Amino acid sequence: MTTTAPTPWLAANEALWDARVPLHADSDWYDLAGFRAGGLALDHIERAGVGDPAGRSLLHLQCHFGLGTLSWARLGAEAVGVDFSAAAVERARALAAETGLPARFEQAEVGALDLGRTFDVCFTSWGVLMWLPDLTAWARTIARHLRPGGVFFLAEGHPHLFIWDDEPGKDGYRPRNPYFRHGAPVVDEEAGTYVDTSATLGLPQYRWNHPLSEVVSALAGAGLRITGMDEHPVLPWQPLPWLVPADRPGFYRIPGDPFPLSFTVTATKD
Ligand SMILES: C[S@@+](CC[C@H](N)C(=O)[O-])C[C@H]1O[C@@H](n2cnc3c(N)ncnc32)[C@H](O)[C@@H]1O
């Protein structure tokens, strides 16, 4: 029998996300109580990008502990959520059982996913791409799971966010990291999660910055046709301390909106 050593990035990132699940599920940020009371864990950008999901099958990639997937189900979709974190999938399945919402959850690394079926919609959002070393495998997963005429929607933080120093310099924003990293990961210790920047788990994390060109090229390379792309001056978390709250609750912007903070892509399979 041969055994394969676990890939360091995969084992490390899985451990990090497993540890984040209880912290996130108990946080005000995810507002589980509001969801249990009938709320939706989806924002205006996600809702506009997917449209009315009622009666459509929907695959949610990197679904975390399931609130988004269950929200699509609450809106009438036949939803399947996928995440590589065993703790996230376990919590998502428990929430599905508790709420009686018709969503299923599968544990898988996104690049290796093959459910053997197709969907009307493939959806993924906010804080997903930086965890993936290989957007070619990601895009192939999307293409493999979309029916002809099916729609893919991505909402994500803008890749230039990786560049900036936490503190702007005297004369403006100060770059800290290169935009182009040519596939090399940023390996560091997690310094607080986005739901609570003071809650440091002290675990290693592997992240990759993917320029916009890489995202679009990966989707096109997998045979998908890009039907829309937008950049937005807002973002639903605060990755840099110099962002300020935007008009929409939970969203942030830069005073004067000098450059985009997030982007969306819509694609289809012909
Ligand atoms: C920021 S969260 C997802 C955000 C989602 N919009 C939310 O707020 O619930 C990122 C998710 O990606 C998952 N993830 C990271 N790398 C993955 C991979 N290679 N394959 C599958 N899931 C992955 C993590 O477990 C985590 O649940």
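A. Focus on the pattern of salt bridges. Within the structure shown, the criterion is met by nine salt bridges. A salt bridge links Arg 117 to Glu 78, with the nearest nitrogen and oxygen atoms 3.1 Å apart. With Arg 117 in the loop between β3 (103-107) and β4 (119-125) and Glu 78 in strand β2 (residues 78-83), the pair connects residues that are 39 residues apart, well separated along the chain. Classification of Arg 117 as partly exposed rests on a relative accessible area of 28%. Salt-bridge contacts for Arg 207 lead to Asp 188; the nearest nitrogen and oxygen are separated by 3.1 Å. Within this pair, whereas Arg 207 is found in strand β7 (residues 204-207), its partner Asp 188 is found in strand β6 (residues 186-189), the two being separated by 19 residues in sequence.

B. Structural detail: the pairing of strand β5 (residues 146-157). Relative to β5, β4 is paired through six bridges, and the arrangement is parallel. The residue of β5 that forms the bridge with Ser 125 is Ala 155. Handedness of the crossover joining β4 and β5 through helix α6 (residues 135-145): right-handed. One ladder, built from seven bridges, connects β5 with strand β11 (residues 262-268); its direction is antiparallel. Bridge pairing in β11 places Phe 152 opposite Ala 267.

C. Focus on the site of the ligand. Around the ligand, 16 residues are found, and the nearest of them are Tyr 30, His 64, Asp 83, Glu 109 and Val 110. Here an oxygen atom of the ligand sits 2.5 Å away from a polar atom, N or O, in the side chain of Asp 83. Taking 600 Å² as the accessible area of the ligand by itself, protein coverage stands at 94%. For the shell around the ligand, a count of residues per class yields nine nonpolar, five polar and two charged.

Basis of the calculations
Residues numbered from 1 in each chain as written. Predicted model: local features only at pLDDT ≥ 70, side-chain atom pairs only at ≥ 80, totals over all residues. Heavy atoms only, no water. Salt bridge = Lys/Arg side-chain N within 4 Å of Asp/Glu carboxyl O. Helix = DSSP H or I, 4+ residues; strand = E, 2+ residues; numbered from the N terminus. Buried < 20%, exposed > 50% of the residue type's maximum accessible area, 1.4 Å probe, protein only. Pairing = 2+ DSSP bridges. Right-handed = clockwise from strand over helix to strand, strands pointing away. Near = heavy atom within 4 Å. Polar contact = N/O pair within 3.5 Å; in protein donor to acceptor, adjacent residues only side chain to side chain. Areas by Shrake-Rupley, 256 points an atom, 1.4 Å probe, with all protein chains shown as cover. Nonpolar A, V, L, I, M, F, W, Y, C, P; charged D, E, K, R; others polar.

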